[in-house]
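Structural characterization, general
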Amino acid sequence: MARFDRRACLRLLGTAVGASALRARPASANTPARRAIFFYFPDGVAARSQDGEPSLWHATGTENSFQLAPQMSPLAPYQQDCIFFNGLSSGGTDSGSHPGGAKKLLTAVDGGEGESIDHLLARTVGAAAPHRHLYLGVMANQNNASGDKHISYVAPGRSISPEDDPVRAFGRLFQQGAPPQRDPRRSMLDGALAQLRSMQAQLQDVERSKLALHLEALREVERRIDEQPATGCADSAPAAGPVHEPERFPLLMTQQIDVMVAAMACGLTQVGVLQASHHTSELIMSRFAKTEMHDPGFDMRSHQASHYGPRHDPNRREFVDYVAQRRWFVSQFAYLIERLKSLPEGEGSMLDHTVAILCSEVSDGNTHSHDNLPFIWAGRGGGVRTGRLLQTSYARHADLWVSVARAMGSSIERFGQASSGPLAGL
Amino acid sequence: MAASIEQRMPPSAPMDCGALCASKLADYILGALQRPQACDPALLPERQLRLLTRWEYINTVRTLLLQGTASDCQTDLECGLERASCTSGQCADDPCGVHTFVFSPGREVRSVAVAGSFNAWSIDPRYEMRPVDDAGDERWYLKAELGAGRHSYKFVIDGAQWEADPQSLLSEPDGFGGQNSVVEIACSEDALDLLELTSGFPEQVRPTEYYFDNNADAGLMTATLLTEQLSAARAIAAKVRMPDCAGLDRSACAGRFFDDFGLRAFRRPLSASERALFERMVLEAPTLQDGLREAAAAILISPGFLYRSELGQLQPDGRYALDGYEIASALSYFLWGTAPDAGLLEAAAQGVLSTEVGIREAATRLLESEKSRSVMERFAAQWLGAERILTVDKRTDLFGNFDPSLRDALLQETQRFFAHAVFEEDFQALFLADYTLGGRELAGFYGLPAEAVLAGQPPRIELGPERSGLLTQGAILGVHAYSDQSSPVHRGLFVRERLLCQPLGAPPPGAGGIPEVDPNATTRERFSQHSSDPSCAVCHRLIDDIGFGFEQFDAIGQHRDTEAGRAIDHRGLIRDLEAPGTEEAFETPRELGEILARSPQAERCFSTQLYRFARGVLESFEDECSLVQVQQQLAASGDIRELLLEITQTPAFRYRR
């Protein structure tokens with residue numbers, strides 16, 4: 001059962017709220033829910049260059065005493081809240097391509113031919129939450145981006161699309177009206193359920209996966225209707241506006257992070273994916289006002305900057321902008337950490353019961369390597385020791401997903417096609 | 001073979017492709033080598049369910065809300081008379097404010113007119129009623145635009161006898177001891193905005209290389225979509241026309257409702273268990289009206305409504321044949337983008353759609369309707385990527401003229417032009433037409449005077465020599481370019497991948513970025529590294545040299561003669577078009593158009609794209625026979641309309657395994 005944390009909510013609202021508004025779920029502050037958030041950004045980082053210069057992303061030092069690299073500087077205040085990794089790999093298949101990396105990222109299976117870790121968690125340890133899965137994007141559907149550009153797979157080879165509009169996402173989570181006494185939606189869904197079951201019985205193996213997903217969706221929505229709505233937990237909806245202008249990207253990013261945190265604080269979901277743009281991104285980051293990348297007279301895109309050349313060349317504009325862009329994405333992850341940390345829960349904060357993972361589909365954006373990928377773990381996930389640098393020398397990132405699942409309370413032993421168990425040393 | 005690949009490949013980094021990768025690669029190579037030269041008729045596509053796309057959902061609801069089931073019509077009566085009209089052969093919902101007066105005099109009369117508060121109680125030729133004119137139907141009717149508000153009226157028979165409307169629910173004293181009838185029209189909440197109602201449906205997922213939003217594998221139900229559809233279903237159910245149930249009990253009334261609305265929503269008769277399920281809802285509700293609305297909403301959230309069935313019936317030969325109703329849906333969604341009309345449902349019931357001839361006749365009828373034009377427009381917008389012109393980023397300081405109105409005009413141009421080529425021209429015209437369709441705004445954008453616009457619906461523009469067919473339309477040039485500069489790479493890829501179906505895959509590791517804009521260098525010069533560096537040239541020789549041929553058009557598709565102070569070099573070259581090692585040079589888009597118009601590869605690719613759009617899948621071995629059949633039809637006729645008909649005649653259209 002997902003839990004509604006009263007204190008977190010009060011803090012979220014920033015104002016005193018009457019008890020009547022907080023009837024979403026019975027408070028149970030003793031054992032707060034575990035949460036996992038996967039935060040994706042596109043086009044990798046300035047890692048080991050084509051000419052062999054060392055990475056400008058990966059931390060250096062020992063497990064307990066290490067230095068952050070320039071692209072990670074926004075995480076300096078949160079160094080003790082994070083675990084940094086050197087050496088995680090998603091394997092050789094399709095190495096050298098963005099789509100190949102994006103397909104493997106959350107599925108840990110070549111070609112995206114597996115269910116992604118977020119969905120596995122959503123339908124197992126996160127299944128009791130009213131929204132088993134929350135997939136929010138920022139311009140992630142831009143220009144009909146689709147298919148391999150989306151990283152969340154409900155079934156082998158089948159990705160779904162994120163919600164790019166924070167206003168809509170917020171509305172779906174928080175603005176469901178209280179159910180009337182005799183809710184006709186219930187009988188509508190019961191009818192659909194009966195028909196679906198009879199189709200499954202008739203068709204057996206035909207379209208099995210499609211019908212199973214439909215059935216899961218029905219059950220989830222039915223459960224939401226039966227439970228009390230979460231009205232009152234978060235009442236300030238994000239400001240509405242266009243969702244495809246690069247100038248608004250930073251605001252939309254903040255809004256989506258806020259919606260994600262609010263949904264989790266209010267016990268509406270335990271598993272979330274935040275997707276900033278998509279691989280080979282045409283996002284014009286030089287339009288971001290008040291950032292080091294800002295240049296209204298020149299359009300620099302994420303993917304364009306990622307091809308900064310064979311070496312780390314501070315005289316080349318692509319390289320300078322690329323480093324700045326990566327730093328910006330990290331600053332957004334830092335904001336997510338800050339939000340989670342600011343909400344008291346149990347003896348500490350929400351961050352203590354959350355695992356937030358920063359990730360991208362390739363390591364170096366120019367070489368497209370699938371080795372030494374840029375993963376960062378934030379949060380204690382119910383007892384993991386943070387403030388560490390782990391050298392994992394080519395361990396498969398699938399093992400990281402097993403560890404995330406374990407932190408969520410799952411007991412899976414393996415995940416994807418090439419894992420050997422929870423990540424050693426974590 | 002797998003072991004050999006694992007040990008030796010790729011040459012630059014042996015062992016980079018692990019055991020699984022190597023075995024997959026080996027499978028692929030062996031599969032490709034064994035690919036049958038001739039098609040194998042024993043192979044058929046799998047049985048499938050296709051979730052309605054958002055667009056299909058909207059169209060289906062529109063079709064459902066039409067009271068009359070006949071979408072193609074000759075009289076208003078066929079459209080249900082009271083809520084829809086027959087306009088140029090099509091039933092269309094009457095806009096709010098239009099009221100339909102209906103009167104049965106009960107005796108022989110010469111004329112009936114309506115007089116009322118809206119026409120100063122005069123006998124006015126504009127308000128003369130007409131006989132319904134159907135055998136045995138003695139009603140007279142009139143559709144009049146009264147507008148919202150309260151209106152009082154009387155019928156005037158044979159110019160002299162004033163009578164109140166016996167059917168009217170409201171009336172008021174007429175001041176002469178009798179009654180005036182009253183109609184109240186409220187518009188504000190009558191219209192259902194289906195675009196808004198469905199705006200929260202998640203984006204349709206399009207798999208790699210599949211350009212359309214109707215992919216069958218990617219159409220999946222999620223909790224988010226279901227939540228949106230649940231609220232949509234209730235809003236739509238509130239607008240559904242309830243059956244006339246005078247003298248019927250609840251159960252019989254429910255039955256009447258399922259025979260009409262149920263049939264049209266499921267595109268087939270309801271099964272006995274479905275009827276029982278929905279009937280229980282009607283019987284258990286507080287009132288009949290409530291019950292019917294709940295049943296309507298339940299029908300709209302049912303799998304039977306949300307999925308198009310391509311499951312078929314098992315035949316003695318082991319194949320599954322789509323039944324008549326499934327064929328009716330397949331035809332209707334392919335050619336009209338919506339649910340079957342009464343004619344198709346009737347044909348399905350009569351068994352007419354079980355032969356190729358029957359299917360061909362039905363398809364021919366559908367292609368005569370305007371509705372098939374809108375489907376072709378949608379195909380074009382997605383196939384060519386032109387739809388993105390509405391949102392693609394262009395620097396406002398460089399292209400201040402590129403406003404929403406112009407963007408819209410450009411999309412309209414490409415869509416209309418394509419549909420025109422389908423129905424009035426042929427395949428070659430796509431590349432060779434020396435005209436386009438649009439008004440003065442478009443002509444101005446193309447640097448042409450107002451006189452270049454020739455009257456017509458839509459008006460036609462005679463193009464200058466630098467433009468030709470689709471290739472030089474603003475939506476296509478603008479989408480396949482950057483925000484601040486043209487892009488030989490995007491335009492070259494557009495031709496390679498979308499027009500020739502020759503995908504090149506993602507750039508390899510170490511691929512360079514976009515050369516910066518340099519006021520002293522032309523685009524061609526800046527992109528020259530692609531051809532000088534051998535590792536780039538492998539792919540870019542197939543891409544950029546096509547794209548350079550478009551260099552006389554800037555980032556939004558405006559014509560230009562110079563760049564960086566020099567004349568534009570717009571020579572292009574297309575390599576390996578039909579076979580490796582070949583190349584053809586061209587100097588203008590017109591010349592490229594001529595190459596494409598006679599290219600068997602371009603023609604096969606075009607057939608393939610339409611085939612994918614129809615089937616909702618990327619083709620596989622199982623489609624080989626059907627695909628070849630379709631490609632041969634286009635090669636023989638050059639007629640795109642014939643190609644559409646041919647798709648309905650293929651085994652993959654009718655049979656499953």
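Please read all numbers here as calculations on a predicted model, not as lab measurements.

Here we take up the overall build of chain B. Broken down by element type, chain B carries 26 helices and 22 strands. Projecting the C-alpha coordinates of chain B onto the three principal axes gives extents of approximately 100 × 65 × 45 Å. Contacts in chain B between residues far apart in sequence, at least 24 positions, make up 66% of those at least 6 positions apart. Only carbon and sulfur atoms are counted for the fraction: they give 51% of the accessible area of chain B, which is about 27800 Å². Of the charged side chains in chain B, 62 are positive and 97 negative; the average position of the first set lies 2 Å away from that of the second.

The next point concerns the sheet that holds strand β7 (residues 140-145) of chain B. Sheets are built from strands paired through backbone hydrogen bonds, the pairs being either parallel or antiparallel. Spatial ordering of the open sheet is given by β4-β7-β6 (chain B), a layout of three strands whose pairing is antiparallel. What marks the edges here is a single partner per strand, and that holds for β4 (98-103) and β6 (130-131) of chain B.

Residues and elements named next belong to chain B. This structure, assessed with the given rule, holds three disulfides over all chains. In this model, Cys 39 is linked to Cys 625 through a disulfide, with the two sulfur atoms separated by 2.3 Å. Between Cys 39 and Cys 625 the sulfur-sulfur dihedral comes to about 105 degrees; the bridge is accordingly right-handed. Here Cys 625 lies in helix α24 (residues 624-637) and Cys 39 lies in the loop between α2 (19-34) and β1 (48-51), a separation of 586 residues in the sequence. Disulfide partner of Cys 245: Cys 253, at an S-S distance of 1.9 Å. Looking along the S-S bond of the Cys 245-Cys 253 disulfide, the torsion reads about 80 degrees, which is the right-handed sense.

With that settled, consider the packing of aromatic side chains. Scanning the model with the defined rule gives 39 aromatic pairs over all chains in all. Judged by centre distance (4.7 Å) and plane angle (35 degrees), the ring pair of Phe 170 of chain A and Phe 174 of chain A falls under tilted. Here Phe 174 of chain A and Phe 170 of chain A lie together in helix α4 (residues 166-174), a separation of four residues that amounts to about one turn. Each member of the pair Phe 170 of chain A and Phe 174 of chain A is classed as buried. Site record: aromatic cluster; members linked through ring pairs are Tyr 210, Phe 212, Phe 379, Trp 383, Phe 418, Phe 427, Phe 431, Phe 606 and Phe 613 of chain B. For Arg 47 of chain B, the ring lying beneath its charged end belongs to Tyr 320 of chain B, and the centroid distance is 3.9 Å. One residue, Arg 319 of chain B, lies across the ring of Tyr 655 of chain B, its end atom 3.8 Å from the ring centre.

Interface size is often expressed as the accessible area that is lost when the parts come together. Contacts between the two partners involve 67 residues from chain A and, on the opposite side, 69 residues from chain B. Taking both partners together, chain A and chain B bury about 5400 Å²; carbon and sulfur atoms supply 57% of that area. On the chain A side of the interface with chain B, the three residues burying the most area are Met 188, Gln 195 and Lys 210 of chain A, jointly 13% of the side's total. One can count five salt bridges joining chain A with chain B.

When two helices pack together, their arrangement is given by the angle between the helix axes and the distance between those axes. All names here are of chain B. It is at 11 Å that the axes of helix α23 (residues 600-615) and helix α25 (residues 640-647) come closest, and there the two elements cross at 45 degrees. Judged on the interaxial angle alone, α25 and α23 are oblique. Every pair of crossing elements has a handedness; the one defined by α23 and α25 is right-handed. Between α23 and α25, the contacting residues are Phe 606, Ser 607, Leu 610, Tyr 611 and Ala 614 on the first element and Ile 640, Leu 643, Leu 644 and Ile 647 on the second. Looking at side-chain class alone, the contact of α23 with α25 contains eight nonpolar, one polar and no charged residues.

Once that is clear, we can look at the side chain of Thr 338 of chain B. Residues and elements named next belong to chain B. Here Thr 338 is to be found in the loop between α10 (324-336) and α11 (342-350). Residue classification places Thr 338 among the buried positions, given a relative accessible area of 3%. Looking at Thr 338, its side chain comes within polar contact range of the side chain of Thr 63, at 2.6 Å. Discounting chain neighbours no more than four positions away, the residues touching Thr 338 are Asn 59, Thr 60, Thr 63, Ser 332 and Tyr 333.

Another aspect to go through is a nonpolar patch on the surface. Together, Trp 121, Ile 123 and Trp 162 of chain B line one region of the surface with nonpolar side chains, adding up to about 290 Å² of accessible area. Structurally, Trp 121 of chain B is set in the loop between β5 (112-116) and β6.

This brings us to the nonpolar core. Of all hydrophobic cores here, the largest spans 73 residues; its most connected members are Leu 331, Val 495, Phe 606 and Leu 610 of chain B. The dominant element in this core, judged by the number of residues it contributes, is α10 of chain B, at eight residues. Apart from residues lying up to four places away in sequence, Phe 606 of chain B is in contact with Phe 379, Trp 383, Phe 418, Phe 427, Leu 430, Leu 634, Ile 640 and Leu 643 of chain B. Residues Leu 203 of chain A together with Val 61, Ile 301 and Phe 305 of chain B belong to the second largest nonpolar core, which totals 62 residues.

Next up on the list: the pairing of strand β10 (residues 170-173) of chain B. All names here are of chain B. In this structure, β10 lies alongside strand β11 (residues 179-185), joined through four bridges in antiparallel fashion. When the bridges of β11 are listed, Glu 172 appears paired with Asn 180. Counted between consecutive antiparallel strands, the loop separating β10 from β11 contains five residues, among which Gly 175 sits at a positive phi close to 85 degrees.

Take the sheet that holds strand β22 (residues 655-656) of chain B next. Residues and elements named next belong to chain B. The antiparallel open sheet is built from three strands, whose spatial order is β13-β14-β22. In the strand order of this sheet, the two ends are held by β13 (313-314) and β22, each with one partner. As paired strands, β13 and strand β14 (residues 320-321) are joined by two bridges and run antiparallel to one another. Opposite Gln 313, over in β14, you have Ala 321 as the bridge partner.

We now examine the confidence of the model for chain A. Taken as a whole, chain A shows an average pLDDT of 89; of its residues, 90% reach a score of 70 or greater. Here residues 1-29 of chain A is a poorly scored stretch, pLDDT under 50, and it has 73 contacts once near neighbours within four places are set aside; other chains count.

Calculation notes
- Residues numbered from 1 in each chain as written.
- Chains lettered and ligands numbered in written order.
- Predicted model: local features only at pLDDT ≥ 70, side-chain atom pairs only at ≥ 80, totals over all residues.
- Heavy atoms only, no water.
- Helix = DSSP H or I, 4+ residues; strand = E, 2+ residues; numbered from the N terminus.
- Contact = heavy atoms within 4.5 Å.
- Areas by Shrake-Rupley, 256 points an atom, 1.4 Å probe, with all protein chains shown as cover.
- Lys, Arg positive; Asp, Glu negative; His and termini not counted.
- Charge placed at Lys NZ, Arg CZ, Asp CG, Glu CD.
- Pairing = 2+ DSSP bridges.
- Disulfide = S-S within 2.5 Å.
- Phe/Tyr/Trp six-rings, centres within 6.5 Å; stacked < 30°, edge-to-face > 60°.
- Buried < 20%, exposed > 50% of the residue type's maximum accessible area, 1.4 Å probe, protein only.
- Lys NZ or Arg CZ within 6 Å of the ring centre and 35° of its normal.
- Buried area = accessible area lost by both parts, 1.4 Å probe.
- Salt bridge = Lys/Arg side-chain N within 4 Å of Asp/Glu carboxyl O.
- Axes fitted to C-alpha atoms, helices over the stretch in contact; angles between N-to-C directions.
- Parallel < 35°, antiparallel > 145°, perpendicular 65-115°, else oblique.
- Left-handed = near helix turned anticlockwise from the far one by under 90°.
- Nonpolar A, V, L, I, M, F, W, Y, C, P; charged D, E, K, R; others polar.
- Polar contact = N/O pair within 3.5 Å; in protein donor to acceptor, adjacent residues only side chain to side chain.
- Patch = residues over 30% accessible without salt bridge, like charges linked within 9 Å, V, L, I, M, F, W, Y side chains within 5 Å.
- Core = buried A, V, L, I, M, F, W, Y, C linked by side-chain atoms within 4.5 Å.
- pLDDT = per-residue confidence, 0-100.

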